[in-house]
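# Survey of secondary and tertiary structure
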Amino acid sequence: MDDIKWLQGKGKPGIKSFFQDILTRGLIDTVLMPAKNKKGNSYAWFLMNKDGFLETSDPIPPVMTIQGANILKNITKKGESWSKTAVVLRPCELRAVIELTKLEQINLENIILISFDCPGAYPLTQYISGDQTSLDQKYDSSLYTASFETERNACIMCDKFTGQGADIQLCFLGQSDDGFLISAASAKGKELLKDVNGTNEENLEIKTKKRDELLGQLQKEKNEKRQVILDRFKETIYGTDNLLNVFSACINCHNCRRACPICFCSECYFESKALYSEADNQLNRATRKNALRMPSDLLLFHLGRMNHMSISCVSCGACEDACPENIPVSLLFSLVSRDTQAVFNYDPGHSLEEPLPFVVYKNEELKEYEAHYTKRHQSACNCNTK
Amino acid sequence: MPKESTTLIYGTNLSGYRIAYALGKLGYKTVLLNRGSYVDEIKNQVLSQLPLDLCWACGHMPQRMFIGLGAMQVFYNSDILEVNGSAGNFKVKVKKRDPYVNNFICTECEKCIDVCPVDVTVDGEQRKACYVHREMAWENIYQIDETHCTRCGECEKACPTGALKLDRPEEIVEINVGAIILSPEFDEPDENDLALFGWKKFPNIVKSADLARASLSTNFTQESFVRPSDGKLPKQIAIVITPQFNQKGIEYESYNASAQAIYRANKIKEIVPEIDVTIFCREYRCFGKGHCRMYERAEKNGVRVIRTQSISIDEIPDHNISIKYEWGNSHKEQNFEMAILIFGQKPPQQMEKLKKICGIEANEHGFCKLEPFTCAKTNVPGILAVGEFTAPKGNPETVWEGYGPVREILRHLGDKKIEPPKLPQLKNVSKEIPKIGVFICSCFGSFNEKINLENLANRINSIPRVSKVEIVEGCCTPSTIQSTASKIKESGVNRVILAVCTPLQKLMKFRKTVTMAGLNPLLSEFIRLREDVIQVHDDPEKMESKAFALIHAAASKLKNAQAAPPPMDKMGSTAMIIGGGITGLEAARYLSEMGFQSDIVEKTDIIGGRAAILSTDIEGHEFKPYLDNLIKDVNASKLITVHTQTNIINVSGYAGNFNVSLTKTGEDQFELKPAIVIIATGALENKVDIYSYGKDARVMTQSDLEQKLSQINNGHVAMIQCVGSRNPNRPYCSRICCSQAVHNALLLKEKGVDVTLFYRDMNLYGFKEDYYWQAIDRGIKFIRFDQHNYPKLTGSDDSLQISCSDYETGDELKISADYLILSVGIVPDIQNNEKLAKMFNLNLDDDGFYDVESCACPYEDASKRLMKPFELSSNGVFPVGLAHSPRSLIETLLMARQAAGKASVVLPKPMMPPPNAMYVSEVDADKCVGCGLCVGVCPYNAREIDPVKKIAVVHPFLCESCGACVVACPSSAAFLRDHREEQMISSIDALLAV
Amino acid sequence: MSDEKEFIPNIVYGLCAWCGTGGSETAAAHHLKYPENIKPFRVMCTGALDPVYILRALIEGADGFIVSGCHPGDCHYDSGNYRARRRIAALKSILNTLGLDSDRVWLRWVGHGEGQRLVDTAFEFNEHIKKLGPNPLKSRRDS
């Protein structure tokens, strides 16, 4: 097997030493991953070479402060990377990277995408205001057993928690904490894996099988859980009243869209002059209803954003982390995108080959969304007798 | 004597229209003779057959535009009387009688109808003697019913513009023209011609085209398919393709009829799935693009197709229909509740007259005879014939044919005459606060009768930014355009709303009004006060409110309007032709004769391609001398450069300005900068490995056979058609195999060789069908097999044993033959096609040939989109010949000329404003993040991502302002100049603010 | 008393500049009548009808929105209507998921000559919206 190896190393330090190793040996020039801040209560991303590899760096941090795809976008948007760079991403970050690559916002030339079996993450506010030492401990110990519990909605219902689609996958599930599997899925990944000092030991198959078994079961459970959660959630927001109740606390800060990796626009449509209307427009609208909430266009922003990005939504939950009003934005967008994606049978972040649904079309499709006309309508006939 | 520069077009078939457009765009004037009294009275092929759900508007509108620009003149009630002189200087005597209502001046105010005192009832319809003829829905045609009109003159007095005149005498005029194009229309078979099928004899036998005509205003619904006898939905419908069963010489068909039959059947199934549909035909002629797929869909829908040699139709009680048909050696009978006839085309009825007047000749079928290998050339120099006048044709061919003869026509014409009108000087209002003027047209007082314009005007006054509201008489006649323009100017406004009638028809006039007032048309909005309010509603109060809402919305939209000049772009004038086969060479020679430079890029070391091995076709065209001549001309031409052993490695740029990198074996890379590209890369012969092909030398393809023909002088040859094609893997017909097979069979038979031909459908279309009857006469055996039961090769010792079950009789036949010839058909060169398609951003169709959705070349299955008014804009790449679809050599030559003809209309433009001038899409560079979504959705390749700046750029003359980019762009970086996002949003708000 | 007032829906009819508009002009040419509360909103192509416009309309006072343009295969711009169908399918899916009456948005093809079809559609949709009742969204002040 040239696409899978087992790497010895205990716990997180063991995982980190893999990166240290490939940097030192020049298999990669730089690595992009989060590292804990000095204060110890949060994480930031660092682009590091072998001499700058931070002690505090953490490939699998317990929180997602900034969606990794946004970081990678900032690096490669205006041109490819000239040094061989490994980027460590959560599965949801990875999926966003794939989407953004299709949207020409990320250039994957010289980039090696590395992802992993993700246990989930703490809600951002919980982590920052909590006791980080014990939270970290609890988090790190759950890496191999899928036993991490969180209140972060996106993670509770996440059913795509492996690094599938990355060049290199780090696999912890079903392993003991003294090592992990590393597998390559692309030419780029295999090229790197070739020189990784892993053991190609005999029980590799057993280890792989153990993971596959746990994974199969977990994925099934999590998928069912996701459907149940979304269905239940749907009941609570269904209809105009419920939906507007959900948004009643929204302060139109648009942080959700700023945190969202898929919202790649430099200026959001809903912040542009398209909606900057003159006084007479606002007054007219207010006059019609006798009152108008200000700032206006709250629902239009959210529905419009769904219209723009739900096809590519990867359910990472960055929006919800960013919401100062604790609106369950992530649940809402996941719910909507589950259905819009199903319309086109589109799985965002799954493959670079899968074209974006709004770029392609078929001549024969979606007839169920047309209002068919097979029989003359009677009242029109009566009104217009010749 | 200097040559004339006007062209006369006789008849209104679509090729004739095409020619008029092409010449108009090149700056030449045409005179069109319409024998009818209005635009579509004499129906051309498409309007006559109505094969699909048809919208003719896009073809119809340019006519008005060209008339408006002075490029075209139409004589109604006209005919050709005498032709004197010769090519370049014909003197043609024509008679004409102007219509009572000149619909170019008519404002459609309907005052004439209001005052007409004569009430009549015709066919159950109550109307006046002066009325609007509504047979074709796309234009209001004002008519005077001569039999009932008392000539009291009230209508003429009431007409505010002088469009209506009762005194329209017949005139005889002589016109001087350089060339004459004969493009008379399709002739439908009449009652006598269709007597065999009981049409007009039995109520429940209807013509398919009548069915479609009756449904024009609703499209097909259940009601379209009810029985005329009792208005009930039938349980079983038979569809009969009449030309396949009619007596010889009465009607002819190309593939329109077969396609139409399947299309109708599918439509019925889609709308009323419970109806049983059975199609009766002799052959399903399915060689048009996508037609086999249509057939597959029909099969899936449960449509039955019965192939039989003859049928007879009778009525049984309850006005039901009984159809008896030949089935093997017996007869079968089936009953239906209704039958739909799909008719073919009669030999042109104008032939006799035109023969006398013009001196042209007819062929043995009574169609116009053309010189072999030519495009539209008759035996008289300077007189050309096109469209359905020369042969039964498929719709795409008929439509497209108009470009081919451009070269030939120009030879006979003098200097061009028409200059496009210049835009008047426009005011710069960018620094002014928006001041909107609303000018409400009263249509010479007729609107006031329906709606209180004063009240409306008062309400509009309250809309913010509206500084002037005025009721005007009109703005579509020369004097009212003038007066309204001055009123706009005087009022000092810098934005204009005209509340008028139909911009779709009168757009040019309204724009003229605005530009004459010195305003950029981007600063104007036209409200359809009549079409959206007055004519479709009754309640004056509600009408006023709706009119107010529409004007309020327009005012809100205009507030944010910004003026901009029409963008311009440079345009090269050379062509690159990919493929040095006969198609490519033909295109190059055509262009060189038009004075354009071209480069032929050929990957092998010789030009001429596969045509070099062909000798003759079934109709007796000799290819060798033609090809030799062509190669000689190409080599001799200073304007053509041939690059052999050359490959394309990269393409950048866009239509008008391509940048192509090429390599020639053993030499340095070089570059070409063509404005347009013609792809003539051809296709491949299908390779099969069945029937022991390749293992047994006695099993050959038709092409193999052609090389060995001289060696086979006796014995028995079997042929199998459709080998490896028209199956789910390759669901298309290669079009040429049947004629190739019958041609070879006839040649063999002449030498005394027996031939048995196994086939599914005999696709010998048009006049080629003669050869089928000839083959039968000469004793060639034709055995039809079922698509699921191909003949089998059961033994191959001394002779080849072939067994087959006869489709009709079911008999198991065993035949021994000395040779087995397979008709394997044509396959696309997928690898090459994919490569080039990617480079030029083209699509391939489902079969792997070039798709022509957005290309300029023949709209293969889209007789629906006959003519696009602004067709100057194409993406500049023309796939022709076998690269586009399977077709015969003669047909590929025609196609090469048609593409080159179109190219020659586009190429002589060094600078081009975009087709929609002002209204193109643009990019807000500050907002664009280069995601490429707009590039992906643009149907015209008008956008690309700037490789350096990484933002989208627009090539203005490729943009047709469809707005796909605007929706694709999640930001508001992509916008249409006259539909900016802020304009659209505030106009919706205003529309709804009741 | 005002409660008893008949509900007259506020309906926007999104029309492409070619077949859709053509259909409306053909209807007018034939003097076919349809309810006054149906107001045209024109765009170049159904493919240029941004779903945001529809959302805006539904929030700002429309009870329903119909979209009509060239039949499939007949788009003046080749493929705009296919793209429109995708966009509208996605929009209706969003509205459907959130319980915002996706049935208030209709997509029906109308050809240039099909004036009767346009008028029939206007009637049918008007009745359909009357049955659905007023759009709850349009009167919300907190939207």
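Keep in mind that this is a model prediction, so the values were computed, not measured.

Scoring rules and cut-offs
- Residues numbered from 1 in each chain as written.
- Chains lettered and ligands numbered in written order.
- Predicted model: local features only at pLDDT ≥ 70, side-chain atom pairs only at ≥ 80, totals over all residues.
- Heavy atoms only, no water.
- Pairing = 2+ DSSP bridges.
- Helix = DSSP H or I, 4+ residues; strand = E, 2+ residues; numbered from the N terminus.
- Axes fitted to C-alpha atoms, helices over the stretch in contact; angles between N-to-C directions.
- Domains from an automatic or database assignment.
- Contact = heavy atoms within 4.5 Å.
- Buried area = accessible area lost by both parts, 1.4 Å probe.
- Salt bridge = Lys/Arg side-chain N within 4 Å of Asp/Glu carboxyl O.
- Nonpolar A, V, L, I, M, F, W, Y, C, P; charged D, E, K, R; others polar.
- Buried < 20%, exposed > 50% of the residue type's maximum accessible area, 1.4 Å probe, protein only.
- Parallel < 35°, antiparallel > 145°, perpendicular 65-115°, else oblique.
- Left-handed = near helix turned anticlockwise from the far one by under 90°.
- Phe/Tyr/Trp six-rings, centres within 6.5 Å; stacked < 30°, edge-to-face > 60°.
- Lys NZ or Arg CZ within 6 Å of the ring centre and 35° of its normal.
- Expected span 1.5 Å × (residues − 1).
- Lys, Arg positive; Asp, Glu negative; His and termini not counted.
- Polar contact = N/O pair within 3.5 Å; in protein donor to acceptor, adjacent residues only side chain to side chain.

Now for the sheet that holds strand E18 (residues 330-336) of chain B. Residues and elements named next belong to chain B. Spatial strand order, E16-E17-E18: three strands in an open sheet with antiparallel pairing. Among the strands making up the open sheet, the edge pair consists of strand E16 (311-316) and E18. Here the strands of the sheet are splayed against their neighbours by 25° on average, with no regard to which way each runs. Two elements, strand E17 (residues 320-327) and E18, share seven bridges in a ladder whose sense is antiparallel. Counted as the bridge partner of Ser322 is Asn335 from E18.

Further remarks concern the domain arrangement of chain A. Residues and elements named next belong to chain A. Domain annotation for chain A reports domain 1 (4-227) and domain 2 (230-358). Averaged C-alpha coordinates put domain 1 and domain 2 at centres separated by 29 Å. Contacts between domain 1 and domain 2 engage 25 residues on the former and 30 residues on the latter. Interface area, domain 1 with domain 2, both sides summed: about 2,400 Å², of which 53% is carbon and sulfur. The largest share of the area that domain 1 buries against domain 2 comes from Glu99, Lys102 and Gln227, three residues that together contribute 24% of it.

As a further point, take the interface of chain A and chain C. Interface size, as often reported, equals the accessible area lost upon joining of the parts. On the chain C side, the residues contacting the 58 residues of chain A number 46 residues. Counting the surface lost from both chain A and chain C, the interface buries some 5,000 Å², and carbon and sulfur atoms represent 57% of this. The largest contributions to the chain A side of the interface with chain C come from Lys289(A), Tyr369(A) and Tyr373(A), which together make up 13% of the buried area. Between the two partners, chain A and chain C, sit seven salt bridges. The residue Glu365(A) makes a salt bridge to Arg86(C) at a minimum N-O spacing of 2.8 Å. It is helix H12 (residues 298-309) of chain A that contributes the most residues to the side of chain A that touches chain C, eight residues altogether. Broken down by class, the residue content of the side of chain A that touches chain C amounts to 30 nonpolar, 14 polar and 14 charged.

To continue, consider the pattern of salt bridges. According to the stated counting rule, one finds 86 salt bridges over all chains in the structure shown. For Asp297(A), the salt bridge goes to Arg285(A), with nearest N and O atoms at 2.6 Å. Residue Asp297(A) is located in the loop between helix H11 (279-289) and H12, and its partner Arg285(A) is located in helix H11; the two are separated by twelve residues in the primary sequence. For Asp297(A), a relative accessible area of 11% corresponds to the buried category. Taken together, the shared-partner salt bridges connect Glu253(B), Arg282(B), Glu283(B), Arg285(B), Arg307(B), Arg726(B), Asp761(B), Glu769(B), Arg784(B) and Glu808(B) into one network.

Now for unusual backbone geometry. Negative phi characterises most residues that are not glycine, and trans characterises most peptide bonds. Here Met294(A) and Pro295(A) are connected by a cis peptide whose omega angle stands at -10°. Relative to the assigned elements, Pro295(A) resides in the loop between H11 and H12. With a phi angle near 60°, Glu104(A) is a residue other than glycine that sits in the positive phi range. The residue Ser961(B) is not glycine, and still its phi comes out positive at about 55°. Summarising the element assignment, Ser961(B) is placed in the loop between strand E47 (952-954) and helix H25 (964-968).

This part covers the packing of helix H12 (residues 453-460) of chain B against helix H16 (residues 540-559) of chain B. Residue and element names in this part refer to chain B. Where H12 contacts H16, the two axes come as close as 10 Å, and the packing angle between them is 40°. Looking at the two axes, H12 sits oblique to H16. In this structure, H12 meets H16 at a crossing whose hand is right-handed. Between H12, through Asn455, Leu456, Arg459 and Ile460, and H16, the contact on the second element is made entirely by Glu544, Ser545, Ala547, Phe548 and Ile551. For the contact of H12 with H16, the residue count by class is five nonpolar, two polar and two charged.

Each regular strand shows side chains that alternate between the opposite faces of the sheet. All names here are of chain B. One ladder, built from eight bridges, connects strand E29 (residues 646-654) with strand E30 (residues 657-664); its direction is antiparallel. Across the sheet, Asn650 pairs through a bridge with Ser661, a residue of E30. Counted between consecutive antiparallel strands, the loop separating E29 from E30 contains two residues, among which Gly656 sits at a positive phi close to 95°.

Turning next to the sheet that holds strand E12 (residues 205-207) of chain B. Residue and element names in this part refer to chain B. One open sheet holds the five strands; their spatial order is E12-E19-E13-E14-E15, and the pairing between them is parallel. With partners counted over all chains shown, the strands left at the sheet margins are E12 and strand E15 (304-307), one partner each. Neighbouring strand axes in the sheet, compared pairwise and without regard to direction, differ in orientation by 25° on average. Pairing of strand E14 (residues 276-281) with E15, which is carried by four bridges, proceeds in the parallel orientation. Looking at the pairing, Phe280 lines up with Ile306 of E15. Helix-sheet contacts for helix H7 (residues 256-271) involve strand E13 (236-241), E14, E15 and strand E19 (338-342), and the interaxial angle to E13 is about 170°.

This part covers the packing of aromatic side chains. Given two aromatic rings, one states the distance between the centres and the angle between the planes to describe the pair. In the structure shown here, the tally under the stated rule is 38 aromatic pairs over all chains. Here Trp327(B) and Tyr807(B) contribute two aromatic rings whose centre-to-centre distance is 5.2 Å and whose plane-to-plane angle is 65°, an arrangement assigned as edge-to-face. Placement of the pair is Trp327(B) in strand E17 and Tyr807(B) in the loop between strand E39 (800-805) and strand E40 (812-817), with a sequence separation of 480 residues. Comparing Trp327(B) with Tyr807(B), the two get one shared label, buried. Aromatic rings pair up to connect Phe18(A), Phe19(A), Tyr144(A), Phe172(A) and Phe180(A) into one cluster. Of note, Lys96(B) hangs over the ring of Phe75(B), and the distance from its end group to the ring centre comes to 4.9 Å. In this structure, Arg87(C) is placed above the aromatic ring of Phe358(A), and the distance from its NZ or CZ to the ring centre is 3.7 Å.

Looking now at H7(B). The first and last C-alpha atoms of H7(B) sit 22 Å apart over 16 residues, in line with the 22 Å expected at 1.5 Å per residue. In terms of burial, H7(B) is largely enclosed, as 15 of its 16 residues are buried.

Okay, the packing of H7(B) against helix H8 (residues 291-300) of chain B next. Residues and elements named next belong to chain B. Running from amino to carboxyl end, H7 crosses H8 at an angle of 35°, the nearest separation of the two axes being 9 Å. As for the relative orientation of H7 and H8, their crossing is left-handed in sense. For the pair H7 and H8, the contacting residues are Ala259, Ile262, Tyr263 and Asn266 in the first and His291, Met294, Tyr295, Arg297 and Ala298 in the second. Among the residues making up the contact of H7 with H8, the classes are represented as six nonpolar, two polar and one charged.

Residue and element names in this part refer to chain C. Note on placement: Lys39 falls in strand E2 (residues 38-43). Among buried charged residues, Lys39 stands out as having no salt bridge; its nearest opposite-charge side chain is Asp63, 8.8 Å away. Polar contacts involving the side chain of Lys39 include one to the side chain of Asn10, which spans 3.1 Å.

A few words on the interface of chain B and chain C. Of the residues lining the interface, 60 residues belong to chain B; the matching set on chain C comes to 58 residues. A salt bridge links Asp989(B) to Arg56(C); the shortest N-O distance between them is 2.7 Å. Remark: the boundary between chain B and chain C carries 18 residue pairs in polar contact (both at pLDDT 80 or more). Elements with a minimum of two residues in the side of chain B that touches chain C: helix H3 (57-68), helix H14 (503-516), helix H15 (529-534), H16, helix H24 (933-937), H25 and helix H26 (981-992) of chain B. If you tally residues by element for the side of chain B that touches chain C, the top one is H26(B), at eight residues. When its residues are assigned to classes, the side of chain B that touches chain C shows 30 nonpolar, 13 polar and 17 charged.

Bringing helix H23 (residues 889-906) of chain B into the picture now. Relative to the 26 Å expected for 18 residues at 1.5 Å per residue, H23(B) spans 26 Å between its end C-alpha atoms, a close match to the ideal helical length. H23(B) sits mainly inside the fold: 17 of its 18 residues count as buried.

Once that is clear, we can look at the side chain of Thr892(B). Tracing the sequence through the fold places Thr892(B) in helix H23. When near neighbours in sequence (up to four residues on either side) are disregarded, Thr892(B) contacts Thr583(B), Gly881(B), Leu882(B) and Arg887(B).

On the secondary structure map, Pro357(A) appears in the loop between helix H14 (329-343) and helix H15 (378-383). On a C-alpha basis, the gap between Pro357(A) and Cys319(A) in space is 23 Å, while along the polypeptide they are 38 residues apart. Leaving out residues up to four positions away in the same chain, Pro357(A) has contacts with Ile311(A), Phe344(A), Tyr346(A) and Arg86(C).

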